[in-house]
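So the chains spell out like this:
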Amino acid sequence: MISFPLRDDDEENDTYEAKMLLIGDGESLPPIPLRDGAPELHKYNIRSIESTLVIRELTSQGLSFQLWPAASTLVTLLDNYRRDPSNSPLTATLSSLKPSPLNILELGSGTGVVGIAAAITLSANVTVTDLPHVLDNLNFNAEANAETVERFGGKVDVAPLRWGEADDVEEVLGRNVDLILASDVVYHDHLYEPLLKTLRLMQLEGKRLVFLMAHLRRWKKESVFFKKARKLFDVDVIHSDVPQQGSRIGVVVYRFTTKQPNQNGRIVSC
Ligand SMILES: C[S@@+](CC[C@H](N)C(=O)[O-])C[C@H]1O[C@@H](n2cnc3c(N)ncnc32)[C@H](O)[C@@H]1O
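Residues numbered from 1 in each chain as written. Predicted model: local features only at pLDDT ≥ 70, side-chain atom pairs only at ≥ 80, totals over all residues. Heavy atoms only, no water.

**Considerations on the overall build of the chain**
Regarding its fold elements, the chain presents 8 helices and 13 strands. Scored against the burial criterion, the 270 residues of the chain give a buried share of 53%. A fraction of 66% describes how many contacts in the chain between residues 6 or more apart in sequence connect residues 24 or more apart. Surface summary for the chain: the accessible area is close to 12,900 Å², and the carbon and sulfur share equals 48%. (Helix = DSSP H or I, 4+ residues; strand = E, 2+ residues; numbered from the N terminus. Buried < 20%, exposed > 50% of the residue type's maximum accessible area, 1.4 Å probe, protein only. Contact = heavy atoms within 4.5 Å. Areas by Shrake-Rupley, 256 points an atom, 1.4 Å probe, with all protein chains shown as cover.)

Below is the structure:
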């Protein structure tokens, strides 16, 4: 267990303990102590494909290089969807998206575990993105799993995407995005606006945007992000994890869909 390194002093007192080894029902290699900055390789069993995913964490390099519980939740949902779509909270969303293969964009991918799992379980074209300094590790993980991704008809590309930067959004919009994924990206209030700006920019094409976001609430002020997001999107909860022992709150998966204008050009809920 590691402590989440970001705390504000004006908010809730929840001490947040993030579990590193939470992906699906998978096995993981024994963790290597990271005091010396050594990389840590985790091997995860994706049950639906009877295959494993290898993900490198570089915990000493910061939060972008670690595995977070919200990512674990999305990986589990994707794995379960592939095993039994008739019994998955993802089915309604995924069946409303017709293209095959699906083009998926992941924001704030970190280690890339969610995007890589999505490419495999949905046989999708996935672009995993993050800040430029995170891309080396993302590339490492994409390459480490490339054979499995290819075997299941998927594809993973790695691209820089800094939230709030219009040029970066333009670059990835060329990829014709059907679905956006993210996990654990609402954690610092100074990032709410840039993230919302990126989502706003992605809606400009006039296409209905569908965004699935897994989130573990830490601070009361995160409601500000959701309040602002609700002006742009209809927001539904499609899944809630049972809280881990000792926690009051579990990971929640939200679906954001673009509000549609009515005949008078006003934004209404779909
Ligand atoms: C808490 S981590 C979550 C990582 C990963 N999604 C997961 O759940 O394991 C937040 C991620 O958001 C990324 N991030 C933070 N600020 C960003 C920004 N301005 N533009 C793009 N990505 C950003 C970080 O680099 C990091 O990878």
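**Some points on the site of the ligand**
Taken together, 18 residues surround the ligand, and among them Ser64, Gly108, Asp130, Trp163 and Ser183 come closest. In this structure, an oxygen atom belonging to the ligand sits 2.7 Å away from a side-chain N or O atom of Ser64. Between an oxygen atom of the ligand and a side-chain N or O atom of Ser183, the distance comes to 2.6 Å. Here the ligand has 590 Å² of accessible area as a free molecule, and 95% of this is covered by the chains. The pocket occupied by the ligand, as judged from atoms lying within 2 Å of grid points, is the second largest pocket. In terms of residue class, the shell around the ligand is built from 9 nonpolar, 6 polar and 3 charged. (Near = heavy atom within 4 Å. Polar contact = N/O pair within 3.5 Å; in protein donor to acceptor, adjacent residues only side chain to side chain. 1 Å grid on protein atoms, 1.4 Å probe; cavity = no way out; pocket = protein on both sides within 12 Å on 5 of 7 lines; lining within 4 Å. Sits in = over half its atoms within 2 Å of the grid points. Nonpolar A, V, L, I, M, F, W, Y, C, P; charged D, E, K, R; others polar.)

**What about helix 4 (residues 135-144)?**
Helical geometry: 3.6 residues make up each α-helical turn, so side chains three or four residues apart lie on a common side. Those residues of helix 4 lying buried are Leu135, Asn137, Leu138, Asn141 and Ala142. Along the long axis of helix 4, the arc covered by the buried residues comes to 160°, so they all point the same way. In helix 4, the exposed positions that point more than 90 degrees away from the buried face belong to Asp136 and Glu143. Elements that come into contact with the buried residues of helix 4 comprise strand 4 (51-57), helix 3 (113-121), strand 6 (125-130), helix 5 (146-151) and strand 7 (155-160). (Arc of directions from axis to C-beta.)

**Examining the nonpolar core**
Core analysis: the biggest nonpolar cluster contains 44 residues, and Leu53, Leu90, Leu94, Ile104, Val113, Leu122 and Leu179 have the highest contact counts within it. Those elements that provide at least two residues to this core are strand 3 (40-46), strand 4, helix 1 (69-83), helix 3, strand 6, helix 4, strand 8 (179-183) and strand 9 (210-215). Contact partners of Leu122, with chain neighbours within four places excluded, come to Leu78, Tyr81, Leu94, Leu102 and Ile104. Counting 33 residues, the second largest nonpolar core, distinct from the first, contains Leu161, Tyr192, Leu195 and Phe233. (Core = buried A, V, L, I, M, F, W, Y, C linked by side-chain atoms within 4.5 Å.)

**What to know about empty space enclosed by the protein**
Under the defined criterion, the tally for this structure stands at 3 cavities of 30 Å³ or more. The volume enclosed by the largest cavity comes to roughly 110 Å³. Residue lining of the largest cavity: 11 residues in total, with Leu173, Val177, Met202, Lys207 and Leu209 positioned closest to the centre. Its residues placed into classes, the lining of the largest cavity shows 6 nonpolar, 1 polar and 4 charged. Taken as a whole, the second largest cavity encloses approximately 40 Å³ of empty space. What lines the second largest cavity is simply Leu74, Leu78, Leu90, Leu94, Leu122, Leu179, Leu181 and Leu212. Of all the secondary-structure elements, those providing two or more residues to the lining of the second largest cavity are helix 1 and strand 8. Its residues assigned to classes, the lining of the second largest cavity shows 8 nonpolar, no polar and no charged. (Points joined across faces, edges and corners; volume = space filled by probe spheres on them.)

**A few points about the pairing of strand 5 (residues 103-107)**
Of all 5 residues that make up strand 5, 5 are buried, and the element is covered over most of its length. Covered by surrounding structure in strand 5 are Asn103, Leu105 and Leu107 together with Ile104 and Glu106, the residues of both alternating faces. Both strand 5 and strand 6 contribute to a ladder of 4 bridges, which runs parallel. What sits directly across from Ile104, in strand 6, is Val126. With helix 3 bridging strand 5 and its parallel neighbour strand 6, the resulting β-α-β unit is right-handed. One ladder, built from 4 bridges, connects strand 5 with strand 8; its direction is parallel. Considered in strand 8, the bridge of Glu106 is made with Leu181. (Pairing = 2+ DSSP bridges. Right-handed = clockwise from strand over helix to strand, strands pointing away.)

**Quick word on the environment of Asn125**
Inspection of the secondary structure assignment puts Asn125 in strand 6. Taking relative accessible area as the criterion, Asn125 reaches 26% and is therefore assigned partly exposed. In sequence terms Asn125 and Leu102 are 23 residues apart; their C-alpha atoms lie 6.1 Å from each other. If we ignore the near neighbours within four places in the chain, the residues touching Asn125 are Pro101, Leu102, Asn103, Ile104 and Lys155.

**Some points on the packing of helix 6 (residues 166-173) against helix 7 (residues 192-203)**
Interhelical geometry of helix 6 versus helix 7 gives an angle of 45° and a closest axis separation of 10 Å. Regarding the angle of helix 6 to helix 7, the classification is oblique. For the pair helix 6 and helix 7, the crossing hand works out as right-handed. Of the residues in helix 7, those in contact with Ala166, Val169 and Leu173 of helix 6 are Thr198, Leu201 and Met202. Looking at the contact of helix 6 with helix 7 residue by residue, the class counts come to 5 nonpolar, 1 polar and no charged. (Axes fitted to C-alpha atoms, helices over the stretch in contact; angles between N-to-C directions. Parallel < 35°, antiparallel > 145°, perpendicular 65-115°, else oblique. Left-handed = near helix turned anticlockwise from the far one by under 90°.)

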